[in-house]
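Next come the chains, spelled out residue by residue.
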Amino acid sequence: MKLSLSQRNDFDLVLCIPEPSRGPEEISSSAVSSAKFNITWLGLSREVANGMIINYEVRLGVVENCTEIKSSYDSTFNTTSTYVIVTGLSLCTKYEVSVRGYTAVGPGPYSNPVMVQTLAVVWSKETPSSPSFSANSDEGGISVKVTLPRFPGNARFFQVIIITYSSNYTGAVNPSERFTTQDMMTYEEAHKSAIPAAYVAFQFGGNDFDKYREFVVGDGAESSGKERSKRSSGDQFYYNKPLQPNTNYKMFLRAFDSEVF
């Protein structure tokens, strides 16, 4: 009897294919309208992607806007192209945009972020009336009568905001949209500031616009921010105190369409 021996070796071959090694480059944006942007980037090559790209993911997050800062807002968009048109953006808002590619294995890292800035819109084309000045005999200082511009939308409430800086100040003054609610000071703090500072002089409800359209800055009136009660335990009070001599002022009206800001 003849015996024969055979040897059999079984093994599994596992290939480790990595995800894309980096995010897309040369991300750019162009405004289609005030709230609509076209975002483009260079596609990833097969060598960089370690395979074939099946789609790109665009991440969009709010960095800063006119009413709040460091918002938790975050949104993503998927596309098989190297561009995406994003609509419905908030006005007067700075967004951070990053892009990453997906292969069949999974996603690669996000690209370096770029900033997209939407602008505010002009409320009204009405020609502003010339302000009229008068002395405030009760508290001293100066009061100014102005006509507020009409807001085209439905606002929950309005704030009359004053930017103040010394007549000796020679530096640049930020535009109104750069002053967020977190930047607001009290009347006293703003007047002591070495740089331009802003404070809320008065707040009124959206249905009361016609009542306050002819507005007197510095008349000593008091108002409260009852609309903010969802965020804070008590009302915020504002004092429309008289303007001071030898001081420069800028005034703007801000509309809010939400109770919490």
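Scroll up to find the structure.
Position numbers for residues count from 1 along each chain, tracking the sequence in the order it is written. Only residues with pLDDT of 70 or above have their local features reported here, since the model is predicted, and side-chain atom pairs are shown and tallied only from 80 upward, although totals for entire chains, interfaces and linings are computed over all residues. The basis for the side-chain values is all heavy atoms of the structure; hydrogens and waters are excluded.

A. Quick look at a nonpolar patch on the surface. Each patch is built from residues lacking any salt bridge and having more than 30% relative accessible area; the joining distance is 9 Å for like charges and 5 Å for nonpolar side chains (Val, Leu, Ile, Met, Phe, Trp, Tyr). Surface accessibility in these figures is a Shrake-Rupley result with a 1.4 Å probe; residues are shielded only by whichever protein chains are displayed. For this document, the term salt bridge refers to a Lys or Arg side-chain nitrogen within 4 Å of an Asp or Glu carboxyl oxygen. Taken together, the side chains of Val 32, Tyr 83 and Ile 85 present a nonpolar region at the surface, about 290 Å² in accessible area. To qualify as a helix, a DSSP run of H or I must reach at least 4 residues; to qualify as a strand, a run of E must reach at least 2; elements of each kind are numbered from the N terminus. Within the secondary structure, Val 32 is located in strand E1 (residues 28-33).

B. Fine view of the sheet that holds strand E15 (residues 247-256). Read from one edge to the other, the open sheet built from 3 strands follows the order E11-E10-E15, with strand pairing classed as antiparallel. The open sheet has two edge strands, strand E11 (197-205) and E15, and neither has a second partner. Going across the sheet, the axis of each strand differs from the next one's by a mean of 20°, ignoring polarity. Summarising the sheet, strand E10 (residues 157-166) and E11 pair through 8 bridges and their orientation is antiparallel. Looking at E11, one finds that Ile 161 is bridged to Val 200. For two strands to be treated as a pair, DSSP must find no fewer than two bridges joining them. In this analysis, axes come from line fits to C-alpha atoms, helices being fitted only over the stretch in contact, and the angle between any two N-to-C directions falls in the range 0 to 180 degrees.

C. Quick look at the packing of aromatic side chains. We call Phe, Tyr and Trp rings a pair once their centres come within 6.5 Å, taking the six-membered ring for Trp, and we label the pair stacked below 30 degrees between planes, edge-to-face above 60, and tilted otherwise. Going through the model one piece at a time under the given rule, you end up with 10 aromatic pairs. When the centroid spacing of 5.6 Å and the interplanar angle of 65° are considered together, the rings of Trp 41 and Tyr 56 count as edge-to-face. Taken together, the residues Trp 41 in the loop between strand E2 (36-40) and helix H1 (46-49) and Tyr 56 in strand E3 (residues 55-65) connect sequence positions 15 residues apart. The burial state of Trp 41 is the same as that of Tyr 56; both residues are buried. Residues Phe 157 and Phe 256 carry aromatic rings whose centres are separated by 4.7 Å and whose planes lie at 10° to one another, so their mutual orientation is stacked. Of this pair, Phe 157 sits in strand E10 while Phe 256 sits in strand E15, placing them 99 residues apart in sequence. Phe 256 carries the same exposure label as Phe 157, and that label is buried. Here the aromatic residues Phe 158, Phe 202, Phe 204, Phe 209, Tyr 212 and Phe 215 are joined through ring pairs into a cluster of three or more. When the NZ atom of lysine or the CZ atom of arginine is within 6 Å of a ring's centre and also within 35 degrees of its normal, the charge is said to sit over that ring. When the ring centre of Tyr 110 is taken as origin, the NZ or CZ atom of Arg 59, which lies over that ring, is 3.8 Å away. Just above the ring of Tyr 239 sits the side chain of Lys 241; from NZ or CZ to the centre is 6.0 Å. Burial classes: relative accessible area under 20% of the type maximum marks a residue as buried, over 50% as exposed, and values in between as partly exposed (1.4 Å probe, protein chains only).

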